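Understanding the architecture of this molecule
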Amino acid sequence: MSNQDNPFDEEADEALESLLRISVSEIIRKENPEEFIHWFREYAPIVAPDFFKQFPQDPDGLRSFLTVFGREIWNRTPLPGNRFRPRTLSKPERNAPCICGSGRKYKQCCASVENSESPFENLSLLSYVLDSITTDQRKSLPYSYLNPEELEFVSRQWMAEGRAIDAVKLLEGLFADFAKLDDRAEAAFDCLLDCYDLLGNPVKKKRLLERGFAAPDKYLRAAAMQRQCCILADRNNYSEGWALFQQLQRLIPNHSSLSHLELVMLLGQGEKQRAADRAKFWMARLAHDEDAQGPLMEFLRSVAKGEATDAIAGIARELNPAVDELMEMIRRLPQPECHYSLKPMEDSAGPLVPESKLRRLFEHWLKMSESSLDLSDDLDWLEKIRSPCSILKSSKTLSVRWKSRAFRTALKR
């Protein structure tokens, strides 16, 4: 619904979600503001009683809130008849009759409610609009009028809801022509690559990266190069990764994202001291960069203090809270032991034969690999590895695979 936390009680979330969806459908049906606001005042309390029970029930106050809230929903709804842009209503003159129909002047009635700080500052209704239109309308969206950052937000929502295919269709239309895009599409570019990963489509991912390398906008080119660095690091091809990193430095010198990428690549190679030294350098370089404050600066401080493992774990934890349980599983694993035996042959000591318990573990792990185990998915992966962790006698394979995924996910950020 919004980029920020819902400001109302959790119990009312579902009712509010339903109200917004139905309201947008009503708006799309006629695209008439007066009719919609009249409808909203009459039916909103009936549609979402659990939401409206939070507010004082005096008739005047409720009427004002319904009017102002209805206007805000209208003003934030992208209209298909207006190239998917809102058609906002201007506020009445202070001495004009109030819009709620109370008979009083606007300044004496709803002005105080409408002028107060909105709890829906970042409300996005685009997903509801897209779900309310036809398939043909969705195929011919006027992308030049749509905000790429909002398209990325909608696509992330759909991915979380298991609608990655819908997200791909939406974003592929956006990237039909890179020449029309600028740095605002960077997050959407990364999101589409994530969708291809999720759907297991490496060919489309490779083609999109190739097109990204040729994008006119340098920040989109940089996004493609950073993603390729991630891929090279995941393959332990650090020579090519660092060569590409040097190209990035020339393309977007001193950009804050380079600090994160450089440190994670160094940590991936086990260069903890060098990473700590570079973290101190970046902290000084980005001290006055507003975009670098917050989580990025915290990450730099952790690496500079030699707390690289905690820093990487913090990134992974932010992406998936279940990482804490995974790390606890790894900590509980016993020391490596030998669970192979030799089967001597005539001319050699013979092959190593795993014990039955270890063989069952390998078989289990191979089945999971075939089903594309991914720590960025929902918590299904945790259940999949919980049972093999209980019989695993060597932590090496599991911990290396987890670290590889953590580094790769961090590099995408």
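Summary of the structure given here. (Residues numbered from 1 in each chain as written. Predicted model: local features only at pLDDT ≥ 70, side-chain atom pairs only at ≥ 80, totals over all residues. Heavy atoms only, no water.)

With that settled, the discussion passes to the packing of aromatic side chains. Summed over all chains, the structure comprises 14 aromatic pairs. Taking 5.0 Å as the distance between ring centres and 80 degrees as the angle between the ring planes, the aromatic pair formed by Phe51 and Phe52 counts as edge-to-face. By the burial criterion, Phe51 is buried, and Phe52 matches it. Each member of the aromatic cluster is reached from another via a ring pair, and the members are Phe36, Trp39, Phe40, Tyr43, Phe51, Phe52, Phe65 and Phe69. Of note, Arg163 hangs over the ring of Trp158, and the distance from its end group to the ring centre comes to 4.3 Å. When the ring centre of Trp242 is taken as reference, the NZ or CZ atom of Arg274 above it lies at 5.9 Å. (Phe/Tyr/Trp six-rings, centres within 6.5 Å; stacked < 30°, edge-to-face > 60°. Buried < 20%, exposed > 50% of the residue type's maximum accessible area, 1.4 Å probe, protein only. Lys NZ or Arg CZ within 6 Å of the ring centre and 35° of its normal.)

What follows concerns the nonpolar core. Formed by 62 residues in total, the largest nonpolar core has its most connected members in Leu19, Phe40, Phe51, Phe52, Phe69, Phe175 and Phe189. Contacts of Phe52, omitting those with residues within four sequence positions, involve Leu19, Phe40, Ala44, Pro45, Gln57, Leu62, Phe65 and Leu66. (Core = buried A, V, L, I, M, F, W, Y, C linked by side-chain atoms within 4.5 Å. Contact = heavy atoms within 4.5 Å.)

At Arg83, a residue that is not glycine, the phi angle is positive and equals roughly 55 degrees. With respect to the helices and strands, the residue Arg83 is situated in the loop between helix H4 (59–76) and helix H5 (111–114). By relative accessible area, Arg83 is classed as partly exposed at 45%. Phi at Asn254 takes a positive value of approximately 65 degrees, unusual for a residue other than glycine. Take Asn254: it is sitting in the loop between helix H13 (238–251) and helix H14 (256–268). (Helix = DSSP H or I, 4+ residues; strand = E, 2+ residues; numbered from the N terminus.)

All right, on to the packing of helix H8 (residues 148–160) against helix H9 (residues 164–174) then. Working note: a packed helix pair is described by the angle between its axes plus the distance between those axes. Following both chains from N to C, one finds H8 and H9 inclined at 165 degrees, their axes separated by 8 Å at the closest point. Taken as axis vectors, H8 and H9 run roughly antiparallel relative to one another. At the point where H8 passes H9, the crossing takes the left-handed sense. The segment H8 lies against H9, with Pro148, Leu151, Val154, Ser155, Trp158 and Met159 engaging Ala164, Asp166, Ala167, Leu170, Leu171 and Leu174. Its residues assigned to classes, the contact of H8 with H9 shows 10 nonpolar, 1 polar and 1 charged. (Axes fitted to C-alpha atoms, helices over the stretch in contact; angles between N-to-C directions. Parallel < 35°, antiparallel > 145°, perpendicular 65-115°, else oblique. Left-handed = near helix turned anticlockwise from the far one by under 90°. Nonpolar A, V, L, I, M, F, W, Y, C, P; charged D, E, K, R; others polar.)

Geometric values such as these leave the question of function open.
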